[in-house]
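# Chains, contacts and geometry: an overview
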Amino acid sequence: MRVDVSCKRCRRQSRLDIGAPPPEQSTTEYLRLLDERLRHRPSFECFGGHSELRPPVPEFWDVHWETVGD
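Not measured: the values here are computed from a predicted model.

## Here's the deal with the confidence of the model for the chain
Residues with a pLDDT of 70 or more make up 73% of the chain, whose mean pLDDT is 78. When the elements of the chain are averaged for pLDDT, helix H1 (residues 27–40) gives the smallest value, 81, and strand S1 (residues 2–7) the largest, 91.

## Some words on the sheet that holds strand S2 (residues 13–17)
Taken together, three strands build an open sheet; the order of strands is S2-S1-S3 and the sheet is antiparallel. At either margin of the open sheet sits one strand with a lone partner, and together these are S2 and strand S3 (61–69). Across the sheet, the mean angle from the axis of one strand to that of its neighbour is 30°, orientation sign disregarded.

## Topic: the pattern of salt bridges
Enumeration according to the criterion identifies three salt bridges in this entry. Lysine 8 is the salt-bridge partner of aspartate 62, the closest N and O atoms lying 3.6 Å from each other. Of this pair, aspartate 62 sits in strand S3 while lysine 8 sits in the loop between S1 and S2, placing them 54 residues apart in sequence. With relative accessibility at 29%, the residue aspartate 62 sits in the partly exposed group. Using a relative accessible area of 44% as the deciding quantity, one classes lysine 8 as partly exposed. The shortest N-O distance in the salt bridge between arginine 32 and glutamate 29 comes to 2.7 Å. Taken as a pair, arginine 32 and glutamate 29 lie in helix H1 at a separation of three residues, close to a single helical turn. Residue arginine 32 is classed as partly exposed on the basis of its relative accessible area, which comes to 39%.

Criteria and thresholds
- Counting restarts for each chain, with residues numbered from 1 along the sequence as it is written.
- Residue-level local features of this predicted model are given only where pLDDT is at least 70; pairs of side-chain atoms are given and counted only at 80 or more, and the full residue set underlies all totals for whole chains, interfaces and linings.
- As a convention, hydrogens and water are excluded, and side-chain values are obtained from all of the structure's heavy atoms.
- On a range of 0 to 100, pLDDT expresses the predictor's confidence in each residue.
- A run of H or I in DSSP becomes a helix once it reaches four residues, and a run of E becomes a strand once it reaches two; helices and strands are each numbered from the N terminus.
- Paired strands are those between which DSSP finds at least two bridges.
- Here, axes are lines fitted to C-alpha atoms. For helices the fit covers the stretch in contact, and angles between N-to-C directions go from 0 to 180 degrees.
- Only one rule defines a salt bridge in this text: a Lys or Arg side-chain nitrogen within 4 Å of an Asp or Glu carboxyl oxygen.
- Under the scheme applied here, a residue whose accessible area is under 20% of the maximum for its type counts as buried, over 50% as exposed, and between as partly exposed, the area being computed with a 1.4 Å probe on protein chains only.

What follows is the structure, given as structure tokens:
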């Protein structure tokens, strides 16, 4: 599965691979857990090259969950 992520600073957009749920897990639960993990993992650089040292997902990232798909 993939999801669109955009940067509020440089307006660049990227389609990121987010893996797939294991057979015993629903897609809804997988996406909920992934969202939680993204919110709690420090991330230090966007794909546009500028840095932000505050966790979780950088403030300048927008994850567009409505675009999840292949």
